[in-house]
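# Coordinates in review
If you want the building blocks of each chain, they are given just below.
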Amino acid sequence: MEKKKIIFKINGVEKTVEVEPNKTLLWLIREVLKLKGTKKACERGDCGLCTVLLNGEPVKSCLVLAVEVDGSEIVTVEGLSRDGELTPIQKAFIEHGALQCGFCTPAFVIVGHWLLNRNPNPSREEVVEALNGVLCRCTGYRPIIEAILDVAKKRK
Amino acid sequence: MSQNKNINLGYINLFNTHIIPVKFNYHAPQTLEEALNLLNKLKDKARVIAGGTDLIVDMKLRRKEPEHVVSLNKIRELDYITVDSLGVKIGAIVKLRKIEKEKIIRERFPALYEALKSMASIQVRNMGTMVGNICNASPAADTAPPLLIYNATLTAKSLNNERKIPIEEFFKAPGKTALKEDELVTEIFIPYPPQDSHSTFLKITRVGMDLSKVSIAVLTKFNGSIIEDIRIALGAVAPTPLRIRRAEEFLKNKPLTEENLKIVQEIVAKEIKPITDVRSTEWYRREVAKVLVKDALMKCLEEEGGR
């Protein structure tokens, strides 16, 4: 099993890594780049906690081969805030108590960012559709939905 | 855990994201010709990857242990949606999400649009492809019933040959297709449905993201109250997704009366061969198939009335 050299951008920084073909993007992010905000859970595309943006679109990084991101741009939860300040979505999650154990929070924050970038004024249904691919097992989805809608409302 | 030989449980936290226990060589051909050459050489030692949402799960669970993985994702010539006077052609690496966003799909192929919208999650639709959904040949593949009622055709290419396979002849068994080991599906062609026809897709799942327990796609064309053209296809109720030809033949040139509806429901229940698995029992699937066939036909009838 031959290692492959891949070049990609993560959170705006270019990286060159040699990786075995049977490694996932999730492994690359957590174990090579040591960015632990992206969570590992079901490992089979069900829970969505490993969601990152790949070329601007949300994907489940546990089902992407690391070799396949050659030439791509990746954004993880660590790449969202600027100059140490939390983003409006991150602040809204705190205000709305949209987390309990916090394990799913990075994935919801990523999806929320993607949604509001694409659609600055989403309906409740559109928020629900976007969040459909991420599971929360403790706090429930209502405060998460409301946090995202609140950011959209305040921006108007 | 016995099958995960590589994992030493004492170090599970160190290795916990090292999770594809299969070792394989990875190939990323730049052109279709290169890919076909590889498949010609590697034959059944190779597995093709596009979205990866099925293959990677299968490799993690050791259901598939290929020596070689051939990625199609660098082959730009397979990334297209073209629309002409006959229908729509979709290349092998077009993502489900891109197809769902295509205006022509929403407008002319509503059953396919509804099936795409209902699949898994946005993340998975950003990754998976329709050709992959079909080639994986799951009985529960959500794009299969719509493609069956629209009479889609697949283009299969090998190094020395090219052939067209009607989708109805493509599925052979769970995970098995008519494809030869050196062949690649490069395109799905979906002809436009007849003018003034209606089509719809319905499915029953436990929660939105789950695989379907039962799915159905129906196309109708009415002439007054008479059904002139009718196509019915179901998923997750037999070893392959299937058209219910007997039900179609029965309904053709008849009005959609309550009595005819009941007979069609019974024909569908008889023609399908559901199994009991983690998602449903055989009995439940048969009963729900009857309900769905009625609901789908009534939805088409309503659209006809509201036209």
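The structure displayed is predicted, hence computed values, not measured ones.

Attention shifts here to the sheet that holds strand β2 (residues 13-19) of chain A. Residue and element names in this part refer to chain A. Read from one edge to the other, the open sheet built from five strands follows the order β2-β1-β5-β3-β4, with strand pairing classed as mixed. Bordering the open sheet on either side are β2 and β4 (57-60), each of which pairs with just one other strand. When the angles between neighbouring strand axes are averaged without regard to direction, this sheet yields 40°. Sitting on the sheet, helix α3 (residues 105-118) is in contact with β3 (51-54), β4 and β5 (73-75), with an inclination near 35° to β3.

Quick look at the environment of K23 of chain A now. Residue and element names in this part refer to chain A. Turning to its location among the elements, K23 is positioned in the loop between β2 and α1 (25-32). The class of K23 is buried, set by a relative accessible area of 3%. Measuring from C-alpha to C-alpha, the distance between K23 and C50 comes to 14 Å, with 27 residues separating the pair along the chain.

Residue and element names in this part refer to chain A. According to the stated counting rule, one finds four aromatic pairs over all chains in the structure shown. Plain terms: the ring middles of F108 and Y141 are 6.1 Å apart, the flat faces sit at 65° to each other, and that makes the pair edge-to-face. With F108 in helix α3 and Y141 in the loop between α4 (124-131) and α5 (142-155), this pair connects stretches of sequence that are 33 residues apart. Residue class for F108 comes out buried when judged on its relative accessible area of 0%. With a relative accessible area of 30%, Y141 lands in the partly exposed category.

Turning our attention to the domain arrangement of chain A. All names here are of chain A. Segmentation of chain A into domains returns domain 1 (4-79) and domain 2 (88-155). Averaged C-alpha coordinates put domain 1 and domain 2 at centres separated by 22 Å. Contacts between the two partners involve 18 residues from domain 1, matched on the other side by 13 residues from domain 2. Summing the contributions of domain 1 and of domain 2, the shared interface buries around 1,200 Å²; its carbon and sulfur component is 69%. The interface formed by domain 1 and domain 2 includes one salt bridge. We note a salt bridge from E57 to R118, for which the minimum N-O separation is 2.4 Å. For the pair domain 1 and domain 2, the interface holds four residue pairs in polar contact (both at pLDDT 80 or more). Every element with two or more residues in the side of domain 1 that touches domain 2 is listed here: β3 and β4. Within the side of domain 1 that touches domain 2, the residues separate by chemical class into eight nonpolar, five polar and five charged.

With that out of the way, let us pick up the pattern of salt bridges. Residue and element names in this part refer to chain B. For the structure shown, the criterion picks out 36 salt bridges over all chains. Across the salt bridge formed by R125 and E100, the nearest N and O atoms sit 2.6 Å from each other. Linking R125 in helix α6 (residues 122-127) with E100 in helix α3 (residues 96-100), this pair joins segments that are 25 residues apart in sequence. R125 gets classed as buried once you look at its relative accessible area, which sits at 2%. The buried category is assigned to E100, whose relative accessible area is 3%. The residue E183 makes a salt bridge to R163 at a minimum N-O spacing of 2.7 Å. Of this pair, E183 sits in the loop between β9 (176-177) and β10 (184-191) while R163 sits in strand β7 (residues 161-166), and the two are 20 residues apart along the sequence. Exposure remark for R163: the relative accessible area of 25% places this residue in the partly exposed category.

A separate point is the sheet that holds strand β2 (residues 46-49) of chain B. All names here are of chain B. On the basis of which strands lie adjacent, the open sheet formed by three strands has the order β1-β3-β2 and parallel pairing. The open sheet is flanked by β1 (25-27) and β2, the only strands paired with a single partner. Neighbour-to-neighbour, the strand axes of the sheet open up by a mean angle of 25°, direction not taken into account. Pairing analysis gives four bridges linking β2 to strand β3 (residues 68-71), with the strands arranged parallel.

Another aspect to go through is the domain arrangement of chain B. On domain assignment, one finds that chain B holds domain 1 (4-71), domain 2 (78-191) and domain 3 (198-305). Taking the mean C-alpha position of each, domain 1 of chain B and domain 3 of chain B sit 37 Å from one another.

The rules behind these values
- Think of each chain on its own: its residues are numbered from 1, step by step along the sequence as written.
- The naming scheme follows written order: chains are lettered A onward, ligands numbered 1 onward.
- It should be noted that, the model being predicted, local features are given only for residues of pLDDT at least 70 and side-chain atom pairs only at 80 or more, the latter also being counted only at that level, while totals for whole chains, interfaces and linings use all residues.
- Note that the side-chain values use all heavy atoms of the structure and ignore hydrogens as well as water.
- Note on pairing: DSSP must find at least two bridges between two strands before they are called paired.
- Under the DSSP-based scheme used, a helix requires at least four consecutive residues in state H or I and a strand at least two consecutive residues in state E, with every element numbered from the N terminus.
- An axis is simply a line fitted to the C-alpha atoms; with a helix, the fit covers only the stretch in contact. Between two such axes, the angle follows the N-to-C directions and lies from 0 to 180 degrees.
- Any two residues having at least one pair of non-hydrogen atoms within 4.5 Å are treated as being in contact.
- With a 1.4 Å probe rolled over the protein chains alone, any residue whose accessible area is under 20% of its type maximum counts as buried; one over 50% counts as exposed, and the rest are partly exposed.
- Only centres within 6.5 Å qualify two rings of Phe, Tyr or Trp (six-membered ring in Trp) as a pair; their planes then separate them into stacked at under 30 degrees, edge-to-face at over 60, and tilted for everything else.
- Either an automatic procedure or a domain database provided the assignment from which the domain bounds are taken.
- Simply put, the buried area is the total loss of 1.4 Å probe accessible area from both parts when two parts are fitted together.
- Whenever Lys or Arg places a side-chain nitrogen within 4 Å of a carboxyl oxygen from Asp or Glu, that contact is recorded as a salt bridge.
- Definition of a polar contact: a pair of N or O atoms within 3.5 Å, with one able to donate and the other able to accept a hydrogen when the atoms are protein atoms, and with sequence-neighbouring residues admitted only if both atoms are side-chain atoms.
- Here the nonpolar group is Ala, Val, Leu, Ile, Met, Phe, Trp, Tyr, Cys and Pro; Asp, Glu, Lys and Arg are the charged ones; every other residue, Gly included, is treated as polar.

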